[in-house]
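# Structural features, examined
The primary structure of each chain is shown beneath.
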Amino acid sequence: MQTRLITRDTRAKRTALAEFRKRTCARLSSLGGQSTTHTLAAAVFAIGLGTIVSHAATPVLTAQDVGYPTLAGSMTTAAGKTTIIGGGNDIWGTADNFHYAFFKVTGDFDYIVKVEDLQGPDNWTKAELMARLPDGDVPQGGDPHISNMTTRSGGQNELRPQWRVDRDGASDNWAISPAVRPAYPNTWLRLQRMGSVFYQYYSTDGTSWKEYTVASGAVVNLDTAGSKPAGGDNGTSFSQAWPNTILLGVAVTAHNDSDANGGKAIFSDFAPHVTVP
């Protein structure tokens, strides 16, 4: 998979926000006041010099195993926290095995989630905020995806983007510099889509956000319409813009398919991002 290194100045960002507002207003007009299962129905965008009021309520999630994890995963919600247990050997390679709690999203979006804890049997046990492109409505192991990943603080101890360009193709990522470490219970992930471009951020307070960078200082983002240079692990590149409707959710993999307990992540505050000027 591939990463596009995008350095955006203030003018470029304002242009993107203006386009975001234009598309959103058109979408809201098309809804004609009717209700919809997608949270965009309640959306209000107030875009000025950096103000975004994004979609609306926390989404209703569908949870299922993806791929063929030996351990059946689960999702439980109580007191505003969602606990996901996931088996599987990894979210990597040519096919993923994990537990996914997701909803269908159409058009531009900007979502955040707080990862309060992550435990599991392997250094690379993962929790991810994941956009996924299924072949139909049901996610499969080999789907293309774009994910904002965190690992165990007692394991790999880092955050980074990872992705798959082609269905059943190789996975990829970029080495992030400086390295970003999780700070449970205050590890926040954010994933934003504007057109064909996906932006990824991290935070320790859910208010101040930073984008991932490489050693040169360039910001790492993914343009599905065509991103350069090639991914750091397998040299893959996006070449075709993703369709409007995809899946978005949170994912957990144990990274050890023989473990009886799996990986366990506690999430909260999975909701649209709201930026205050």
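Just so it is clear, the structure is predicted and the values come from calculations on it, not from any experiment.

Cut-off values and rules
Residues numbered from 1 in each chain as written. Predicted model: local features only at pLDDT ≥ 70, side-chain atom pairs only at ≥ 80, totals over all residues. Heavy atoms only, no water. Helix = DSSP H or I, 4+ residues; strand = E, 2+ residues; numbered from the N terminus. Buried < 20%, exposed > 50% of the residue type's maximum accessible area, 1.4 Å probe, protein only. Contact = heavy atoms within 4.5 Å. Areas by Shrake-Rupley, 256 points an atom, 1.4 Å probe, with all protein chains shown as cover. Phe/Tyr/Trp six-rings, centres within 6.5 Å; stacked < 30°, edge-to-face > 60°. Pairing = 2+ DSSP bridges. Axes fitted to C-alpha atoms, helices over the stretch in contact; angles between N-to-C directions. Core = buried A, V, L, I, M, F, W, Y, C linked by side-chain atoms within 4.5 Å.

Here the focus is the overall build of the chain. Each helix and strand counted, the chain has one helix and 18 strands in total. Across the 277 residues of the chain, 51% fall into the buried class. Across the chain, the fraction of contacts at a sequence separation of at least 24, relative to all contacts at a separation of at least 6, is 70%. Total accessible area computed for the chain in this model is approximately 11800 Å², and 49% of it derives from carbon and sulfur atoms.

A full pass over the atoms with the stated rule returns ten aromatic pairs. Here the aromatic rings of Phe103 and Phe270 are separated by 6.2 Å at their centres, their planes lie at 65°, and the arrangement is edge-to-face. Remark: Phe270 occurs in strand 17 (residues 263–272) and Phe103 occurs in strand 6 (residues 98–106); sequence separation between them is 167 residues. Grouping residues by exposure puts Phe103 and Phe270 together as buried. Considering the side-chain rings of Phe238 and Trp242, the 6.3 Å spacing of their centres and the 75° angle between planes classify their relative orientation as edge-to-face. When sorted by exposure, Phe238 lands in the same class as Trp242, which is buried. Here the aromatic residues Phe103, Phe109, Tyr111, Phe198, Phe238, Trp242 and Phe270 are joined through ring pairs into a cluster of three or more.

This brings us to the sheet that holds strand 9 (residues 145–151). Read across the open sheet, the seven strands follow the order 3-6-16-8-9-10-11; overall the sheet is antiparallel. Lying at the two open borders of the sheet, with one neighbouring strand each, are strand 3 (62–66) and strand 11 (171–173). In this sheet, adjacent strand axes meet at a mean angle of 25° when their direction is disregarded. Note that strand 8 (residues 126–132) and strand 16 (residues 245–253) share seven bridges and pair antiparallel. Within the sheet, the bridge partner assigned to Ala127 lies in strand 16 and is Val252.

This part covers the nonpolar core. Leu248 and Phe267 are the most contacted members of the largest nonpolar core, which has 38 residues in total. Sorting elements by how many residues they give to this core places strand 7 (residues 109–119) first, with five residues. Filtering out sequence-adjacent residues up to four positions away, Leu248 remains in contact with Tyr100, Ala101, Phe102, Phe103, Val105, Phe109, Tyr111, Leu129, Met130, Ala131 and Leu191. Grouped together as the second largest cluster of nonpolar side chains are eight residues, Val66, Ile91, Met130 and Leu247 included.

Among the structural elements, Phe267 can be located in strand 17. Judged by its relative accessible area of 3%, Phe267 is buried. Expressed as a C-alpha distance, the spacing of Phe267 and Leu118, which sit 149 residues apart in the sequence, is 9.1 Å.

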